[in-house]
Each structure stands twice: as structure tokens, then as C-alpha cells.
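Geometric and topological summary
Take a look at the letters that make up each chain.
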Amino acid sequence: MIKFEQVSKTYPGGQRALSKVNFHIAPGEMAFLTGHSGAGKSTLLKLISIMERPTVGRVLINGHDLNAITRRDIAYIRRDIGMIFQSHQLLMDKTVFDNIALPLVIEGYTHKEIGKRVDAALDMVDLRDKSRCLPIMLSGGEQQRVGIARAVVNKPPLLLADEPTGNLDPKLSMEIIRLFEDFNQAGVSVFIATHDLGLIARMKYRTLTLKNGQMITDGLNDNIDEGWQS
Amino acid sequence: MSILFSNRSQGASRVKIGLVQSIVMVFVSHVRQALSSLGELWRQPAASLMTIGVLGLSITLPSTLYIMVKNTEKITAGWDQASEISLFLKPSISATQSQQLVARLNTWSEIDSVVYIPADDALKEFQHLSGLGDAIAYLESNPLPDVVLVTPTEKHGGPTSAKALLAKLKQQREVDVGKLDIEWLERLYALVNIAGDMVTLIGLLLFIAVVLIIGNTIRLNILNKHDEIVVMKLVGATDAFIHRPFLYTGFWYGLLGGLLAWFCVIIILWWMDASIATFAAMYQKEFNITGLTGAALLTMLGLSIALGLLGSLISVQRHVRQIEPR
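The rules behind the values
- Residue positions are given per chain, counting from 1 as you read along its sequence in written order.
- Lettering for chains starts from A, numbering for ligands starts from 1, and both go in the order in which the items are written.
- With pLDDT at 70 or above as the cut-off, local features in this predicted model cover only qualifying residues; side-chain atom pairs require 80 or more to be listed or tallied, and sums for whole chains, interfaces and linings still use all residues.
- Water and hydrogen atoms were dropped before computing side-chain values, which therefore reflect all heavy atoms in the structure.
- UniProt positions are given in the numbering used here, feature names are shortened, and annotations may be inferred rather than shown by experiment.
- Runs of E in the DSSP output that reach at least two residues are strands. Runs of H or I that reach at least four are helices, and both are numbered from the N terminus.
- For this measure, only C-alpha atoms enter the radius of gyration; the expected value for a globule follows 2.2 Å times N^0.38, where N is the number of residues.
- Summary of the burial criterion: residues with accessible area below 20% of their type's maximum are buried, those above 50% are exposed, and those between are partly exposed, where the area comes from a 1.4 Å probe applied to protein chains only.
- Note on contacts: a residue pair qualifies if any of its non-hydrogen atoms lie within 4.5 Å across the two residues.
- Residue burial considers only the protein chains on display, and all accessible areas are found by Shrake-Rupley using a 1.4 Å probe.
- A positive count includes Lys and Arg, and a negative count includes Asp and Glu. His and the chain ends are not counted in either.
- All charge positions are set by atom: Lys at NZ, Arg at CZ, Asp at CG, Glu at CD.
- Here the buried area means the combined drop in accessible surface, using a 1.4 Å probe, for two parts upon being joined, counting both sides.
- We define a salt bridge as a side-chain nitrogen of Lys or Arg found within 4 Å of a carboxyl oxygen belonging to Asp or Glu.
- Each residue gets one of three labels, nonpolar for Ala, Val, Leu, Ile, Met, Phe, Trp, Tyr, Cys and Pro, charged for Asp, Glu, Lys and Arg, and polar for the others, Gly among them.
- Whether two strands pair depends on DSSP finding at least two bridges between them.
- Angles run from 0 to 180 degrees between N-to-C directions of axes, and those axes are lines fitted to C-alpha atoms, restricted for helices to the stretch in contact.

Looking at an unreviewed UniProt entry, one finds chain B named Cell division protein FtsX and attributed to Alteromonas profundi. The annotation that UniProt attaches to chain B under Subcellular location (unreviewed entry) is "Cell inner membrane". Under the UniProt heading Subunit (unreviewed entry), the entry covering chain B gives this text: "Forms a membrane-associated complex with FtsE."

Chain A appears in an unreviewed UniProt entry as Cell division ATP-binding protein FtsE from Alteromonas profundi. A UniProt comment under Function (unreviewed entry) is attached to chain A, and it reads "Part of the ABC transporter FtsEX involved in cellular division. Important for assembly or stability of the septal ring." Under the Subunit (unreviewed entry) heading, UniProt states for chain A: "Homodimer. Forms a membrane-associated complex with FtsX."

Encoded structure:
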């Protein structure tokens, strides 16, 4: 589903964020990406959503080389990737319903279809009764769930999450991860960047670890030597 | 349209949108965005009114000047056809010879009509109009010559052709002096031409100003919506989709500014009507000022909308591209 081939990214100014990263996440897989702040997690996710381009190497999604995607087509690529952010990226002056409906409005769904799908997405994240609220009236965990509902409302085959549990307590974090597991059960590939090792430790999922822009471990969390913490 | 997943077989499936439905939805989405742009103008009445005011007044000025020039052209067009050539005949010419000249001139294709004024008639008229009255009766002989007034046809009434006709008339042996008072007409034409050029120039400058003002207003709108644009780009909105509300804002500015200009022009013409009537009365002329014709009104509104759209188009092309999620 996601394949990195010898990917390096150097930012203008010479800061090297990633060097020679290789990995492959299979369709329907759920995996974690972990590492220090500044280890390159966000950069790696940005390369998948084409917010950044690799300096060297290739990023492929479903066999398509993202280097071949022109600026005009980026919008269409992003419709296939549900993205979840630590900062939620919600529109604060729009209701929860309107926020979740945004991807569908952009894709030109009918009013009826939008209503049906947004309600279904609200069901999944258990926020049915908050549909008319503004995001500002919700708690951090609820806002994050609105972000998740928006990411899955057009049923993308791939979900990316950047620190989705960043500001949440362990119980809420676990609820969020359970949500991702549900989507994964439904066949969606899920790729989550987090530095919350405790969270990962409680689950048996493949974990990729970045340190100073290099991939130092790749495997089930049993095998993590937690070397990046030293 | 999915580039990465030809039928999105992985993950959850999606409902396909049919061709007809997507065309209908594009239309619906346009209407929705147009109305929401109008709603946004409505929610910030002070700021919107100022922009609309600038646009409206900027269009009012050239439109009013245009109407003035059009009306001046209409008046002078009337004067142009009235241009007469006065032929003063030699004193030695007898009445019969004069009649022959008149008969001859009547056959010329360039000439519309010929009026013969014998010296005696001219003297009577002078006596009547000048108020000298009896003083003239003391004159021993009539000092005035016979006069033939020649009116050229419409085709030969213009300054150049009338001059040519005058030259030809002067060659007639009965004619002593020929006079075509055309210089003032030529000057007037030149002035009207300059006025026309000035209208074009002022209009052009104001239109450029309008485009810049709208462009800047839209730029501020875009900056205000920075976060929203980032989110829209993150969830897969195309540039065209993001541009549309701003273009509609430009469209509404143009339309409302155009309507304001129309209103202003009507007020100005109504206000000036009285003074123009007084002026026209001095020349014993019945003159009604011509306002905006339907075609001119449509042109004005179209132009106004085009300027609004152009300003916003320039702005979105430049500024939306610069906003990218980071």
C-alpha cells in the first residue's frame, strides 16, 4: 500500500530530515511509526500526503509513484487518504456536521448522500448528539473524533494519523486506537505516527522506529529495543 | 476520480457518482458557493459597502462623461447638417441673372436647397431686426448685395466636402464672395474628439484602479481564510474549488457596484437636466438629454462584473497558490 524506496529528504537550508528510508506497508495492514520529536515522523507522513516531496528516492502508494503526480492532481490524491492531525485542523466557525461533510461537499456528493454518510461517520465516532455543535464546544477527545470522522467519511482506503492521541489521557487514547482498529478490520490500511510508546506496548502491531531520519527498527513491538529513547 | 485506486477496491467501497448527477452537483455547488459569497458580503455590510461604493463611483464617472459626449455628438450632428454656405453676388448682377444662378445650382447633386434673398428683402429684414429703423430709410442706395443661401446635402455637409463645394461655388461668375463659417465647427469637433479621448483615458485609469482595489480586497479575504484554505487543501479540494467563492465575491462586487453606478448616473442626469434645459433654451432649442440606453446599461453592468471578476481572478491566482499546508 505504502512503499518507500531509498527515500531521503533534505530541507532547504541543509537540514536532513530523512535518509535512505525503505519500508513497505501491505494493503489492509495497521502499523505504527515512532521516534523522537524531530526524528522525521512528520516529514515521512508529509511525503505520503505530498505536503513535501522527497529529495531522493521514490514514494509509492498502491504502486503509483508520487513523484509522477503533478501539482494539479495532489487534491485527488488526498481524497484517497484520510488524514488525522494532532491539531485536529477543524474549521472552528463551522458545525461538527459541516466539518465532517467538507470532503463530501468537495467531491460533489448530493445533499441526501452527504447527510447519510456524515450521520454514519458520527455514529462510528459516537458523536451523534454533537452534530450541530461548534468544535470549540467539544472536549479535546471529542474534537479528535470529529477529525477522525472527517477523515473516514468518504471511506478512503488509507488512513494516516499524526500524533492522534497527542493531547489525550491514556483511556481516551486507547479509545481512539480502538477506533482505528475498527477501520482496519473493515479493510482500511492504517499508519499512525506517535511517540506514545506506552500505547504501542499494549498492542501487537508492526512498529517502525525512526532515529535522526533513519529507520532503525521495523517489526512487531516485541522486538523494539527502545534504543531511540537512550 | 481516483488516481491511486482505479476502483477503490481496497478498503471500504464508495458509491459511484453518475455523470448526470455530477453535472447537476457542479451546478448546485456553484449556486451554493455564489449564495454563500453573497451571504458573506451581507455579514460585513460596512466593508462590503465601501468596496462596492468605490467600484460604483469609479464606474459612474466615465459613464456620466460618456453620456455627456454622446449628447454633445448628438447636438453637433444636428448643427453639422445645418451648415450653410452664403454666396454674396456681384452688385452688377441683375435679378434675372441671379434667378438663373439659382436654377443652375438647384440642379447640382451636392446641393440640397437654394434660397435666394434679393438685396431689397435683406435690407427690410435688417431694418426690422437691427432696430435702426428709420435711419436706414435715409440711405440713398441699398448697400447690401443679393445673397444666395446654399444648403449642401447630408452627404456633402461635412467640413471637408462643404469646403470643396464652397471652392466650386466661388468659381461661378455671378459670385463675388462665398462664405462657409466652418472653422468654429471644426474646433468644436476637435474639442468633442478630445473629450471623447479623455473619457476613454479616465475610464481606463479608473478601471485599472478598480481592478487593483478589488484584487486587494480579495487578497485580504484570502488571508483571513488562510486556515480554512489549508484545511480544504488537506481534505482534497482542488484549486478551482477554493477559488470559486472568491471569484463569486468579485462577481457580486462587480454586479452591485454596477447597479450603484446606474443609480448614480440616473441621479446625476436628473440633477443636471434642469440646467441643461436652461442652457438649451438660450439657443431656442428643444433638447432632451439622452440617458443610458438599454445596450449601454448592459455594457456598463457587464464591464463592472468583468472588472470585479478580473480583480479577484488576479488575486486568487497569486495568493491561493501560496497557501499550502505545512
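Next comes the rest of the write-up.
1. Thoughts on the overall build of chain B
Each helix and strand counted, chain B has 10 helices and 4 strands in total. Moving toward the C terminus, one meets the helices and strands of chain B in the order α-α-β-α-β-α-α-β-α-β-α-α-α-α. Since a compact globule built from 326 residues should have a radius of gyration of about 20 Å, the 34 Å found for chain B marks it as more spread out than a globular shape. Projected onto its principal axes, the C-alpha coordinates of chain B cover approximately 120 × 40 × 30 Å. For chain B, the residues scored as buried account for 39% of the 326 residues in total. Within chain B, contacts between residues at least 6 apart in sequence are counted, and of these 82% link residues at least 24 apart. Counting only carbon and sulfur atoms, one obtains 65% of the accessible surface of chain B, whose full area is about 18,700 Å². Of the charged side chains in chain B, 25 are positive and 25 negative, and the gap between their average positions amounts to 21 Å.

2. Some points on the interface of chain A and chain B
Contact residues are listed per partner, giving 42 residues for chain A and 32 residues for chain B. Roughly 3,500 Å² is buried in total at the junction of chain A and chain B, and carbon and sulfur atoms are behind 59% of that figure. Looking at the side of chain A facing chain B, the largest losses of area belong to Arg71, Asp80 and Ile106 of chain A, adding up to 17% of the total buried there. Viewed at the interface, chain B and chain A are joined by 3 salt bridges. Between Glu228 of chain B and Lys94 of chain A there is a salt bridge, with the nearest N and O atoms lying 3.3 Å from each other. Looking at the side of chain A that touches chain B, the elements with two or more residues in it are α2 (74-79), α3 (96-107) and α4 (111-124) of chain A. For the side of chain A that touches chain B, the residue count by class is 21 nonpolar, 8 polar and 13 charged.

3. Comments concerning the sheet that holds strand β2 (residues 111-117) of chain B
Residues and elements named next belong to chain B. Strand order in this open sheet of 4 strands is β2-β3-β1-β4, and the pairing throughout is antiparallel. Each of the sheet's edge strands pairs with one partner strand only, and the pair in question is β2 and β4 (175-180). Strand-to-strand, the axes of this sheet are offset by a mean angle of 20°, without reference to chain direction. Two strands pair when backbone bridges link them, and strand β1 (residues 85-89) and β4 are joined in this way by 5 bridges, in the antiparallel orientation. Counted as the bridge partner of Phe88 is Val177 from β4. With respect to the sheet, helix α3 (residues 95-106) is in contact with β1, β2, β3 (147-152) and β4, its orientation differing from that of β2 by roughly 170°.

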